[in-house]
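# Fold and geometry: a report
Spelled out, the chains give:
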Amino acid sequence: MKLFIAQAASLLLFVMPQVADAGTTMRTGGKAFAPPAFSSFCTREPRLCSTGGGSKLVVLHPEKASELQQINRAVNARIRERSDLANVGRDDDWRVPTAYGDCEDFAILKKRELLKRGWPASALLLTVARYRGEGHTVLTVRTSEGDLVLDNMTNSVRDWSRTPYDYFARQSQSNGRRWERIAGAQRI
């Protein structure tokens, strides 16, 4: 299944532009349960769970768009995909990867890299989705051009509503330890 997702994502690289043709935001609709391994991750890495402080929306100048693209590509190139079970011996384990990781590990590292560059934590939200019955995690970046997704399955940064995923929930902007249900798209 992961091979199919990777092949579909590769095809999208040729069809879709390298930087998102943005235009929608995620409309949230109430509380959602956090992924099971999220709580223990937050205990170990509270800064990477935070969504407090700073602007809740980043004005997407060309330099910022380029920075998103650069971080997405660099992390995707540096980390090799490996399941948590193969990597650390557990089914679900969220962590900052050093060489290997799965989708949430890629998203966490991208968040950490953007935080190092001064991006506000409140605009960098870990987000869970489903694709053909399997769970998937991406990093959603809230921008003036819409909510953009950094994904380990593609080097393209895209508007979240133009991805093949069924989004379920994301971190709350007001409290990073809480999650909110995704209720649909809203044009900006």
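Quick caveat: nothing in here was measured; it's all calculated off a predicted structure. (Residues numbered from 1 in each chain as written. Predicted model: local features only at pLDDT ≥ 70, side-chain atom pairs only at ≥ 80, totals over all residues. Heavy atoms only, no water.)

## What about the nonpolar core?
For clarity, the threshold we go by: By nonpolar core is meant a set of buried Ala, Val, Leu, Ile, Met, Phe, Trp, Tyr and Cys residues that side-chain atoms within 4.5 Å join together. Buried means the residue's accessible area, taken with a 1.4 Å probe over protein chains only, is under 20% of the maximum for its type, while exposed means over 50%, and partly exposed covers the values in between. Note on conventions: DSSP H or I runs of at least 4 residues are helices, E runs of at least 2 residues are strands, and numbering of each starts at the N terminus. Between two residues, a contact is recorded if the distance between any of their heavy atoms is within 4.5 Å.
Grouped together as the largest cluster of nonpolar side chains are 35 residues, with contacts concentrated most on Leu68 and Leu114. Of all elements in the fold, only helix H2 (38–44), helix H3 (46–49), helix H4 (62–78), helix H6 (103–116), strand E4 (124–131), strand E5 (134–143) and strand E6 (146–151) reach the threshold of two or more residues within this core. If near-sequence neighbours (up to four positions away) are discounted, Leu68 is found in contact with Leu60, Leu114, Trp119, Val141, Leu148, Leu150 and Val157. Core analysis: the second largest hydrophobic core is formed by ten residues, Met26, Val138, Val149 and Trp160 among them.

## What to know about the state of the cysteines
How we decide: Disulfides are defined in this document as cysteine sulfur pairs within 2.5 Å.
Per the counting criterion, the structure on display carries one disulfide. In this model, Cys42 is linked to Cys49 through a disulfide, with the two sulfur atoms separated by 2.0 Å. On the sign convention where negative means left-handed, the S-S torsion of about -95° between Cys42 and Cys49 marks this disulfide as left-handed. Across this residue pair, the class does not change: Cys42 and Cys49 are buried.

## Observations regarding the environment of Val157
You can see Val157 is positioned in strand E7 (residues 154–159). A residue is classified by how much of its surface remains accessible, and Val157, at 1% relative accessible area, is buried.

## Let's talk about the pairing of strand E8 (residues 166–171)
Operational definition: Pairing between strands is defined by DSSP: at least two bridges between the two strands are required.
Sheet topology places E4 next to E8; four bridges connect them, and they run antiparallel. Counted as the bridge partner of Thr127 is Arg170 from E8.

## Focus on the pattern of salt bridges
In plain terms, the rule: When a carboxyl oxygen of Asp or Glu is within 4 Å of a side-chain nitrogen of Lys or Arg, the pair counts as a salt bridge.
Counted according to the given criterion, the structure contains nine salt bridges. Lys116 serves as the salt-bridge partner of Glu113, at 3.5 Å between the closest nitrogen and oxygen. Of this pair, Glu113 and Lys116 both sit in helix H6, three residues apart, which is roughly one turn of the helix. On the basis of relative accessible area, Glu113 is assigned to the buried category, the value being 10%. Salt bridges linked by common partners bring Lys64, Glu67, Arg112, Glu113, Lys116 and Arg117 together as one network.

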